[in-house]
Amino acid sequence: MREIRIQDTLTGELRPLEPREPGKVGVYACGPTVYGRIHVGNARPYVVFALLKRFLEHEGLSVNLVVNVTDVNDKIYDAAREAGVPSAELAAEMTALYVSDTDGLGLGRPDGEPRAAETIGPIVDLIADLVESGHAYPAGGDVYFRVSSFEDYGKLSNRPVEEMQQGEGDDAAELKESPQDFALWKATKEGEDTSWPSPWGDGRPGWHIECSAMAEQLLGTDFEIHGGGSDLVFPHHENEIAQTEAAREQPLARIWMHNGMIQMGTEKMAKSVGNIRLLHQALEEFGRDALVMYFARGHYRQPLAFSPEALEEAGRAVERLRELARRLDPDGPDPEGLDAAVEGFFDRLADDFNTPAALGVLFEWVSDANRRLDGGERMGPGRIAEMFHALGLENLLETADEAPAEAQALLEDREAARAAKDFGRADSIRDELAALGYEVRDTPEGARLRRLA
Ligand SMILES: [Zn+2]
């Protein structure tokens, strides 16, 4: 088996993936806060970790991918107030839209999609453990994490404690022992319409503790990979580490894998900046194939520029793959000598999940194959399906599905003619299809259309 290495933000090194239990990998990737429809920037971690799961499965690992939904959060209260709807209603609506928007990417669903509002019991238990062990303290109905009690605080984001702003505003300043402390539980405030009982009074959890509890519920501690956008390193992930490791005296995760931001011009795509392109709009405008290819063309750790040109380029790359797929004969012999390239493709993914380098290998494969097809060689797809699947583009091999409706209707007429033993009619339909650029292949699964080379 290939050694798989991933750049770990915590150690700053490429680290080998070493599962707790041989063959099993748990991945937790921070998901969206559901206060609006998700944009292309929010979709990047969804795609990166969905494709990572595919690659790890290709390597024979069993993967449990967890992507949470943050459905209790200040931003949701604010947005609901503005929209004049109950916050739980807004969160439910945006969660449903998040699911349908990401379904549009055609990459499947994560194995676990926990919601904060459904994890309140474990969240309260985790906070209680922190209070009991002296790592947290109640104050005025809130509960705060005592940062000075956790010696390793700052180890992920590597910055001096004085430079750490929790971004919690000033309203709680007088309740905190130290400005670096952060909220685990917040007492219900005016204008907040959801709350849960706790030993410290009615309230709701802070954002960071939600993820610590949801991750532990589904993956335990010391799990293999914790991921998310690089904008979450501080304070979100720093605080997740502090909470879980202080309470459990176990590492939270073995590898911290962070994706870079999607950029519009020189700025990060973000709702707060006001430069977003919604995912469902981008899917409509460019199609899911081009969008998935666009993400794969960037190394996950690097920033990735969003522009119509970048999406059009990705669309052209998809077309090159689709054209090659059309030229391959599903029943043809495996292309000789091209398997080594397939191994090279997966070697690139094993080296810090380098999708652009893997694409480079794939496109060399495509050039070689095209050259040989030009020379008259008859060639089957060989192992190209493995590479397409790892990139989320396995549908490109299903060329028949893209035949126009007119051709599909003719194919059905031909089947009917054959069933009625009207072979003259069936043959003339075959000619009509050829005129449209399609040939009929009779396969064990029935007749299929294939674009004529
Ligand atoms: Zn999180």
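Small disclaimer: the values here were computed from a predicted structure and weren't measured.

Looking now at the overall build of the chain. Within the chain one finds 14 helices and 15 strands. Principal axes of the C-alpha set define a box for the chain whose edges measure 90 × 50 × 40 Å. Counting every position in the chain, which comprises 453 residues, the buried fraction comes to 52%. Sequence separation of 24 or more characterises 73% of the internal contacts of the chain that already satisfy a separation of 6 or more. Only carbon and sulfur atoms are counted for the fraction: they give 47% of the accessible area of the chain, which is about 19500 Å².

Applying the stated criterion across every chain, the model contains eleven aromatic pairs. Each ring, one from Tyr 294 and one from Phe 295, has its centre 5.2 Å from the other, and the planes form 55 degrees; the classification is tilted. Judged on exposure class, the residue Tyr 294 and its partner Phe 295 are both buried. Counting every residue linked through ring pairs, the aromatic cluster contains Phe 55, Phe 345, Phe 346 and Phe 353. The ring of Tyr 98 carries Arg 109 above its face, with NZ or CZ at 5.7 Å from the centroid.

Okay, the coordination of the zinc ion next. At the metal site, the zinc ion is ligated by Cys 30 (SG), Cys 211 (SG) and His 236 (NE2), and these contacts range over 2.0 to 2.2 Å. Written as a sequence motif, the donor residues of the zinc ion are C-x180-C-x24-H. Within this pair, whereas Cys 30 is found in the loop between β3 (24-29) and α1 (40-58), its partner His 236 is found in helix α6 (residues 233-248), the two being separated by 206 residues in sequence. With respect to burial, Cys 30 and His 236 carry one shared label: buried.

Each value, and the rule that gives it
Residues numbered from 1 in each chain as written. Predicted model: local features only at pLDDT ≥ 70, side-chain atom pairs only at ≥ 80, totals over all residues. Heavy atoms only, no water. Helix = DSSP H or I, 4+ residues; strand = E, 2+ residues; numbered from the N terminus. Buried < 20%, exposed > 50% of the residue type's maximum accessible area, 1.4 Å probe, protein only. Contact = heavy atoms within 4.5 Å. Areas by Shrake-Rupley, 256 points an atom, 1.4 Å probe, with all protein chains shown as cover. Phe/Tyr/Trp six-rings, centres within 6.5 Å; stacked < 30°, edge-to-face > 60°. Lys NZ or Arg CZ within 6 Å of the ring centre and 35° of its normal. Donors = N, O, S within 2.8 Å, 3.2 Å for Na, K, Ca; no water.

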